[in-house]
Amino acid sequence: MNILLLGSGGRESAFAWKISQSPKCRQLFIAPGNAGTSQYGKNVNIKATDFDSIGRFATENKVDLILVGPEEPLVKGIHDFFLADEKLKHIPVIGPQQEGAQLEGSKDFSKDFMFRNNIPTAASKTFTRETLHEGFEYLSTQSLPIVLKADGLAAGKGVLICETLKEAERELISMLTEAKFGDASSKVVVEQFLTGIELSVFVMTDGQHYKVLPEAKDYKRIGEGDSGLNTGGMGSVSPVPFADAAFMKKVHDKVIVPTVNGLKKEKIPYKGFIFIGLMNCNGEPYVIEYNCRMGDPETESVMLRIESDFVDLLQGVAKGNLNEKELVISNKTAATVVCVAGGYPGEYLRNKVITGMENVHESKVFHAGTSMNGENVITTGGRVLAISTLQDNMFNALQQATADASRIYWDGIYFRKDIGFDLL
Ligand code: AMP
Ligand code: GLY
């Protein structure tokens, strides 16, 4: 079959690598892709949110399946766009329709969904400009720190953890009345702060059946020892040692099953991935957030652990017979170290020539923010490369990914040398 993958990051590189190994895949197109994805398929210069061009390309190139990497096209309704068009509706889109994508696109929607379906999550209330004063009252009754979340997509920046009541009030005003995060903060979820350790759980569903993919831990802070600013993700590890069988059973029974059943019960069609961001609070799982797609840089580790034919699984999602498909997971450990541009996550350096990738043999070099400039691969994004490896045990995996990251060079390269070592 011909497959079109949308997106251009490390997650899409890992998807492309995995899909390209399937005997079922005749041609893989990546729109727009990056300098690395062209190893696995043909890059197509179309933005993942340019629905008209994607539709035209899919018809002209006899695309049989579309896999959507990032959230933006899903929240903007790419799946609905295909279903509404007579010439396109036969092409399955992996990723939910707009309604299901609200699990990520609206924090208020996702909190309501959790409350309705008795899914464990932090207590919260949502406020608007009109209910600002009720917001102040609510804040005054809550313990500190307190979490403020912009309702809509805010490029990963919409969550504020406020240490004082004054700060929380000021931020609530700024979000609701001064559009701190634009339209995204026209509603704000005020949420109880949870203490614990986070992990990412991934579910693949055809709307009726589901499979639980390998879980992963993501490292969000720029600095070693989880210090400094939040980033898109500096590394990942899978499996997660504290997610043992007893904990994962709770996740399954209290979170995954009620989530999939909730979608069914509420007649929200959903074919794609559910990314559940969880907090382990003293052995109990609480949902921090849902995303309507896979995580990045978790996907880079997760794909390495999936032994089955991924295209076969995607077909199961498309056709609604995921229950008949096989998911075999390696019990080895996958680790990913992300190499970023100097200055990231602030203003960062660009257009630096990358060298040394040919010296990496034991890890995959998944490209994220790269382009070709003549013969050279250059940096174009903040997160530039994801170095991912699969090894017999966690120590070897962490050491290998870190050692391989240090084989690569460009002016300003930075990566964390402590990814995963806290789990040993
Ligand atoms: P989100 O954008 O929802 O992923 O939130 C970003 C980060 O903020 C999460 O990964 C958590 O580390 C943190 N966070 C979000 N909600 C809470 C909460 N209720 N309690 C503690 N930390 C939180
Ligand atoms: N790794 C977190 C995310 O993809 O949102």
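Here's what I pulled together on the structure shown here. None of these values were measured; they are calculated from a predicted model. (Residues numbered from 1 in each chain as written. Chains lettered and ligands numbered in written order. Predicted model: local features only at pLDDT ≥ 70, side-chain atom pairs only at ≥ 80, totals over all residues. Heavy atoms only, no water.)

1. Observations regarding the overall build of the protein
At step 1: Looking only at helices and strands, one finds 12 helices and 20 strands in the protein.
At step 2: What you see for the protein is a C-alpha radius of gyration of 21 Å, in line with the 22 Å of a compact globule of 424 residues.
At step 3: Each principal axis of the C-alpha atoms in the protein carries an extent, and together these give about 60 × 50 × 45 Å.
At step 4: Of all intrachain contacts in the protein linking residues separated by at least 6 positions in sequence, the fraction that spans at least 24 positions is 68%.
At step 5: Here the protein displays about 17,500 Å² of accessible surface, and carbon together with sulfur accounts for 48% of that area.
At step 6: Of the charged side chains in the protein, 45 are positive and 53 negative; the average position of the first set lies 3 Å away from that of the second. (Helix = DSSP H or I, 4+ residues; strand = E, 2+ residues; numbered from the N terminus. Rg over C-alpha atoms; globule rule 2.2 N^0.38 Å. Contact = heavy atoms within 4.5 Å. Areas by Shrake-Rupley, 256 points an atom, 1.4 Å probe, with all protein chains shown as cover. Lys, Arg positive; Asp, Glu negative; His and termini not counted. Charge placed at Lys NZ, Arg CZ, Asp CG, Glu CD.)

2. Remarks on the pairing of strand β7 (residues 146–150)
At step 1: Counting buried residues in β7 gives 5 out of 5 residues, a clear majority hidden from the surface.
At step 2: What you see with β7 is no split at all: Ile146, Leu148 and Ala150 on one side and Val147 and Lys149 on the other are buried throughout.
At step 3: Here β7 runs beside strand β8 (residues 159–162); their pairing, made up of 4 bridges, is antiparallel. Across the sheet, Leu148 pairs through a bridge with Leu160, a residue of β8.
At step 4: As defined by bridge partners, β7 adjoins strand β9 (residues 187–192) across 5 bridges and the pair is classed as antiparallel. Residue pairing in the sheet places Ile146 in a bridge with Gln192 of β9. (Buried < 20%, exposed > 50% of the residue type's maximum accessible area, 1.4 Å probe, protein only. Pairing = 2+ DSSP bridges.)

3. A look at the site of ligand 1
At step 1: Near ligand 1 lie 13 residues; those nearest to it are Glu191, Gln192, Leu194, Glu198 and Glu289.
At step 2: Within the backbone of Leu194, one N or O atom sits 2.8 Å away from a nitrogen atom of ligand 1.
At step 3: For ligand 1, an oxygen atom lies 2.4 Å from a polar atom in the side chain of Glu198.
At step 4: In isolation ligand 1 has 470 Å² of accessible area, and contact with the protein removes 88% of it.
At step 5: For the shell around ligand 1, the class distribution of residues is 6 nonpolar, 1 polar and 6 charged. (Near = heavy atom within 4 Å. Polar contact = N/O pair within 3.5 Å; in protein donor to acceptor, adjacent residues only side chain to side chain. Nonpolar A, V, L, I, M, F, W, Y, C, P; charged D, E, K, R; others polar.)

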